[in-house]
Structures are given as C-alpha cells and as structure tokens.
Amino acid sequence: RVRRVRSIMSLVCAAVISPRNAPVHVQTFGELVGDDDESADHAVQRTLHCSLDAVEDLLGRIDRSSIASASGGSGAAVATTGRGPKDPYLGPVFQTEDHRVHAWVTNTRARLLLVYEDGFGSEPTAETVRGAFKAMQDAYADAVSDPFATKEGRIESARFARRVAALATGTHRS
C-alpha cells in the first residue's frame, strides 16, 4: 500500500502522455511512502498505465458515438459519459484503493493525467480539477511551442516543471 506524506492538496502525480502513448512528463508530489521507494514509484506507474487504458476506451466510445451521431445514430456513449466529444475534461477515469485519476485530452490527442490520493481529506471539485487541467494545458502548450523543444520528446523545461508543481500547492493560475 502506498500513501503520501500530508501536504496542502491530495495531488500525488501529474503526467503528460503523448498521442503515441509515450510519457512526455511525469512528476510526483510530496513523499510517496510504501514498502520501499521502488514499490511506491511502481504503484503510481501502474496506476498511470491502467488509466491510459481507461482513457483509450472512453475516447473510442466518444469517437464512435460522434460518428454515429453524425450519421443519425443515437450518440449513446456520449450520453452515458455526460460529456460531449469536444469537452477535453474526461473526468475521473480510473480509481484504485489509494488513488483516483482524472484525465484531460488536448486537441492534439495528448493526454494529461492528474492522480489524486483517494480518501485524503476532501475530494477536489470538478471545477478545481478543471482549473488545474487548464493551467497544465497552458504550461504544456508553452513548453511544446518552444522552438528548442523536441517533437514528441520528453519535456525537460524547468519552467514547465515549476508550473506543474504549482498544481500540487494550489498556487497555479487557471
């Protein structure tokens, strides 16, 4: 079992995954505590991987329902998710005993994931999570717009890391 040493918010990890499923940036917050450091890190990695499967499944349903709606279908998958195909916020997509993962998809199909500790104080509101994602997407757009950034490569920008770290303390601008 992995738990986080108490800090201001329950945000454990923020990740950016490329459209080709390559991790572009993964940043953890606070001190993860487990049987050993490696197991704590692996628990967060497993949670991220499982979350990506859930995001792909959800996006597939939204894409298929958009096609069905355009051709006169019912759009049932969009109706069951409560979100339209143009809403980048997918909501909570995966949950474990310890974590709840929220997802956001950019217009370039990059996936932004925020991992919150489940049951740690109060769950952040959808508005709070949306604000964090908007700030993270702005930071991501700035980082990939850098002429020296490598296409589809890891984001190594210290400025980007600081802006993402501000999500954990609640000091980001949304």
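Right, let's walk through the structure included here. Model, not experiment: these values are computed from the prediction. (Residues numbered from 1 in each chain as written. Predicted model: local features only at pLDDT ≥ 70, side-chain atom pairs only at ≥ 80, totals over all residues. Heavy atoms only, no water.)

## As for the pairing of strand S3 (residues 23–28)
Moving on, step 1. Here strand S2 (residues 11–17) runs beside S3; their pairing, made up of 5 bridges, is antiparallel. Of the residues in S3, the one forming a bridge with Ala-15 is Val-26.
Moving on, step 2. Where S2 hands over to S3, the hairpin turn is made up of 5 residues, of which Asn-21 adopts a positive phi near 65 degrees. (Pairing = 2+ DSSP bridges. Helix = DSSP H or I, 4+ residues; strand = E, 2+ residues; numbered from the N terminus.)

## Examining unusual backbone geometry
Moving on, step 1. Although it is not a glycine, Asn-21 sits at a positive phi angle of roughly 65 degrees.
Moving on, step 2. We note that Arg-109 has phi near 75 degrees; this positive angle belongs to a residue other than glycine.
Moving on, step 3. On the secondary structure map, Arg-109 appears in the loop between strand S6 (99–105) and strand S7 (111–117).

## A look at the packing of aromatic side chains
Moving on, step 1. In total, this model carries 3 aromatic pairs according to the counting rule given.
Moving on, step 2. Taken together, a centroid distance of 6.0 Å and an interplanar angle of 50 degrees make the contact between Tyr-89 and Phe-133 tilted. Pair noted here: Tyr-89 is in strand S5 (residues 89–95) and Phe-133 is in helix H3 (residues 126–145), with a separation of 44 residues, a long-range link. Phe-133 shares its class with Tyr-89; the two are buried.
Moving on, step 3. An aromatic cluster is built from Tyr-89, Trp-104 and Phe-133, whose rings are joined through pairwise contacts. (Phe/Tyr/Trp six-rings, centres within 6.5 Å; stacked < 30°, edge-to-face > 60°. Buried < 20%, exposed > 50% of the residue type's maximum accessible area, 1.4 Å probe, protein only.)

## Structural notes on the side chain of His-99
Moving on, step 1. Its location among the elements puts His-99 in strand S6.
Moving on, step 2. His-99 sits in the buried class, given a relative accessible area of 4%.
Moving on, step 3. Contact partners of His-99, with chain neighbours within four places excluded, come to Val-12, Thr-47, Phe-94, Val-115, Tyr-116, Glu-117 and Asp-118. (Contact = heavy atoms within 4.5 Å.)

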